[in-house]
Amino acid sequence: MTILLMDALPHRDAWAEALREKLPGHEVRVWPDVGNADEIEHAVACFPELGELAKLPNLKAMHSLWAGIDHVTRDPDMPWSVPLIRMVDHSLTQGMLDYVTGHVYRFHLTMPAFEALQAQAEWHQQVPPLVEERSVGIMGIGVLGSVIAKQLAGLGFQVRGWARTQKTIDGVDCFAGDAGLTDFLAGTEILVLLLPNTPETADIVNDETLAKLPAGATLINAGRGTLIDEGALIQSLDSGHLTAATLDVFKTEPLPKDHPFWAHPKISVTPHVAAETRISTASESIARNIRHLESGGSFDEIDGVVDAKAGY
Ligand code: NAP
């Protein structure tokens with residue numbers, strides 16, 4: 001069984017070593033040293049060169065190193081007939097849980113307002129509400145969003161979630177589709193974005209949706225930069241309707257030096273670090289899926305198989 005690591009990744013030697021260690025008896029090749037392409041049965045990739053996946057005629061599965069698969073599906077020649085498995089991994093989920101919970105608390109405790117007061121050396125005692133008086137709305141309650149929704153509900157926040165299909169999560173008010181969006185937004189004080197990048201989610205945060213949030217709302221984007229109409233976000237912050245935003249993902253990454261987000265007083269930027277794919281655990285997830293398929297297991301039993309029609 002031959003596996004091809006497709007990308008010019010920064011740590012690809014470590015990835016190759018981890019996969020070899022976890023899949024003894026398998027050959028792990030590193031692109032561009034493909035060798036005989038007919039022998040490759042599993043491709044492991046996060047940002048493969050365009051057209052390269054289509055050159056592997058006997059591929060059984062493609063394994064994305066990231067939870068988001070837009071860097072694989074950007075390839076117009078991607079062989080959609082081959083199942084694509086996105087990364088579902090404990091470290092990734094825990095990392096996102098830590099990131100979102102921390103930034104939700106920062107907004108809940110109104111830290112941006114205190115930081116602005118500190119800059120003016122002003123003592124102004126404005127006591128934040130308690131968690132049970134604060135609502136958090138999560139757009140995207142899939143693998144990551146559902147875990148975060150449960151955790152925040154467990155901490156006492158009023159939690160609501162929005163997805164494409166109706167969900168039921170204990171302690172979480174669930175909304176779905178276009179029909180549920182207005183009500184979802186109207187009751188959301190801290191909005192968390194955990195949607196994938198698809199044609200349907202492009203610029204889903206825009207003038208119209210931002211206006212539906214209550215005045216004083218805040219925003220955390222840990223999904224994809226494509227979700228936000230950047231001009232609309234800046235306008236909403238400048239008007240005071242939205243009071244602060246924390247952004248981890250951007251339409252262009254790295255965020256260009258002259259981008260207005262860097263210097264905006266109400267925006268905090270983190271450089272796409274919310275949830276890192278860690279080699280030690282993620283290589284085990286890939287190895288487990290490959291072993292499962294080799295032993296005759298079906299794709300239905302694997303977490304994260306991409307629905308080609310939905311595109312995520
Ligand atoms: P997932 O399990 O596929 O969940 C995606 C969620 O989005 C699902 O609830 C889905 O609805 C919903 N959704 C998709 N399209 C929608 C639409 N048109 N309208 C309404 N809801 C829609 O993905 P995940 O593993 O939780 O990851 C979510 C995203 O996080 C990834 O795609 C990636 O972009 C991002 N991410 C970012 C980082 C980072 O470091 N910043 C790290 C990991 C992941 P259904 O439940 O109805 O299908």
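1. Thoughts on the overall build of the protein chain
Now for step 1: Each helix and strand counted, the protein chain has ten helices and twelve strands in total.
Now for step 2: Compactness check: the protein chain gives a C-alpha radius of gyration of 21 Å against a globular reference of 20 Å for 312 residues, within 12% of the reference.
Now for step 3: Considered along the principal axes of its C-alpha atoms, the protein chain spans approximately 70 × 45 × 30 Å.
Now for step 4: For the protein chain, the proportion of its 312 residues judged to be buried stands at 49%.
Now for step 5: Pairs at least 24 residues apart make up 61% of the contacts formed inside the protein chain by residues separated by at least 6 positions.
Now for step 6: Total accessible area on the protein chain stands at roughly 15,000 Å², and carbon and sulfur atoms take up 53% of it.
Now for step 7: Taking the average location of the 23 positive side-chain charges in the protein chain and that of its 42 negative ones, the two points are 2 Å from each other.

2. Regarding the packing of helix α3 (residues 90-108) against helix α5 (residues 143-154)
Now for step 1: The interhelical angle for the contact between α3 and α5, taken along N-to-C directions, is 50 degrees, at an axis separation of 10 Å. Put simply, α3 runs oblique to α5. Where α3 crosses over α5, the two elements pack in a sense that is right-handed. Judged by residue contacts, L92, T93, M96, L97, V100, T101 and V104 of α3 engage V143, L144, V147, I148, Q151 and L152 from α5.
Now for step 2: Here the residues of the contact of α3 with α5 are counted per class, giving ten nonpolar, three polar and no charged.

3. What to know about the side chain of D75
Now for step 1: With respect to the secondary-structure elements, D75 resides in the loop between α2 (70-73) and β5 (84-85).
Now for step 2: The side chain of D75 is buried and forms no salt bridge, while R74, the nearest opposite charge, is found at 6.2 Å.
Now for step 3: A distance of 2.8 Å separates a polar side-chain atom of D75 from the backbone nitrogen of G51.
Now for step 4: Discounting residues that sit within four places of it in the chain, D75 has contacts with E49, L50, G51 and E52.

4. Some details on the domain arrangement of the protein chain
By a frequent convention, interface size equals the accessible area lost on bringing the separate parts together.
Now for step 1: Assigned domains within the protein chain: domain 1 (2-89 + 277-301) and domain 2 (90-269).
Now for step 2: Between the C-alpha centres of domain 1 and domain 2 the distance comes to 32 Å.
Now for step 3: Listed as interface residues are twelve residues of domain 1 and, on the opposing side, seven residues of domain 2.
Now for step 4: Of all residues in domain 1, D70, D89 and R278 give up the largest surface area on contact with domain 2, accounting jointly for 54% of the area buried on that side.
Now for step 5: Linking domain 1 with domain 2 are one salt bridge.
Now for step 6: Here domain 1 is connected to domain 2 by six residue pairs in polar contact (both at pLDDT 80 or more).
Now for step 7: A breakdown of the residues in the side of domain 1 that touches domain 2 according to their chemical character gives four nonpolar, four polar and four charged.

5. Structural notes on the layout of surface pockets
Now for step 1: Within this model, the second largest pocket holds a volume of roughly 350 Å³.
Now for step 2: Elements with a minimum of two residues in the lining of the second largest pocket: α3, α4 (111-119), β10 (217-221), β11 (242-247) and β12 (267-269).
Now for step 3: With four residues, α4 is the largest single contributor of residues to the lining of the second largest pocket.
Now for step 4: A per-class count over the lining of the second largest pocket returns ten nonpolar, five polar and five charged.

6. Looking at the packing of helix α1 (residues 12-22) against helix α10 (residues 279-294)
Now for step 1: Their axes nearest at 9 Å, the elements α1 and α10 cross at an angle of 45 degrees. The orientation of α1 relative to α10 falls into the category oblique. When the axes of α1 and α10 are compared, the crossing they make is right-handed. For the pair formed by α1 and α10, the contact residues are A14, W15, A18, L19 and K22 on the first element and I279, S280, A282, S283, E284, I286, A287 and R291 on the second.

7. Some remarks on the side chain of K22
Now for step 1: Following the sequence through the fold, K22 ends up in helix α1.
Now for step 2: No salt bridge forms around the buried K22; measuring N to O, its nearest opposite-charge neighbour E21 is 4.9 Å away.

8. Quick notes on the sheet that holds strand β2 (residues 27-30)
Now for step 1: The strand order across the open sheet formed by five strands is β2-β1-β3-β4-β5, and the pairing between neighbours is parallel. The outermost strands of the open sheet, each flanked by one partner alone, are β2 and β5.
Now for step 2: In the sheet, strand β1 (residues 2-5) pairs with β2 via four bridges, with the strands oriented parallel. Bridge pairing links I3 to V28 in β2.
Now for step 3: Against the sheet, α10 contacts β1, β3 (40-45), β4 (61-64) and β5, and its axis sits at roughly 165 degrees relative to β4.

Here is what the cut-offs are and how they apply
- Residues numbered from 1 in each chain as written.
- Predicted model: local features only at pLDDT ≥ 70, side-chain atom pairs only at ≥ 80, totals over all residues.
- Heavy atoms only, no water.
- Helix = DSSP H or I, 4+ residues; strand = E, 2+ residues; numbered from the N terminus.
- Rg over C-alpha atoms; globule rule 2.2 N^0.38 Å.
- Buried < 20%, exposed > 50% of the residue type's maximum accessible area, 1.4 Å probe, protein only.
- Contact = heavy atoms within 4.5 Å.
- Areas by Shrake-Rupley, 256 points an atom, 1.4 Å probe, with all protein chains shown as cover.
- Lys, Arg positive; Asp, Glu negative; His and termini not counted.
- Charge placed at Lys NZ, Arg CZ, Asp CG, Glu CD.
- Axes fitted to C-alpha atoms, helices over the stretch in contact; angles between N-to-C directions.
- Parallel < 35°, antiparallel > 145°, perpendicular 65-115°, else oblique.
- Left-handed = near helix turned anticlockwise from the far one by under 90°.
- Nonpolar A, V, L, I, M, F, W, Y, C, P; charged D, E, K, R; others polar.
- Salt bridge = Lys/Arg side-chain N within 4 Å of Asp/Glu carboxyl O.
- Polar contact = N/O pair within 3.5 Å; in protein donor to acceptor, adjacent residues only side chain to side chain.
- Domains from an automatic or database assignment.
- Buried area = accessible area lost by both parts, 1.4 Å probe.
- 1 Å grid on protein atoms, 1.4 Å probe; cavity = no way out; pocket = protein on both sides within 12 Å on 5 of 7 lines; lining within 4 Å.
- Points joined across faces, edges and corners; volume = space filled by probe spheres on them.
- Pairing = 2+ DSSP bridges.

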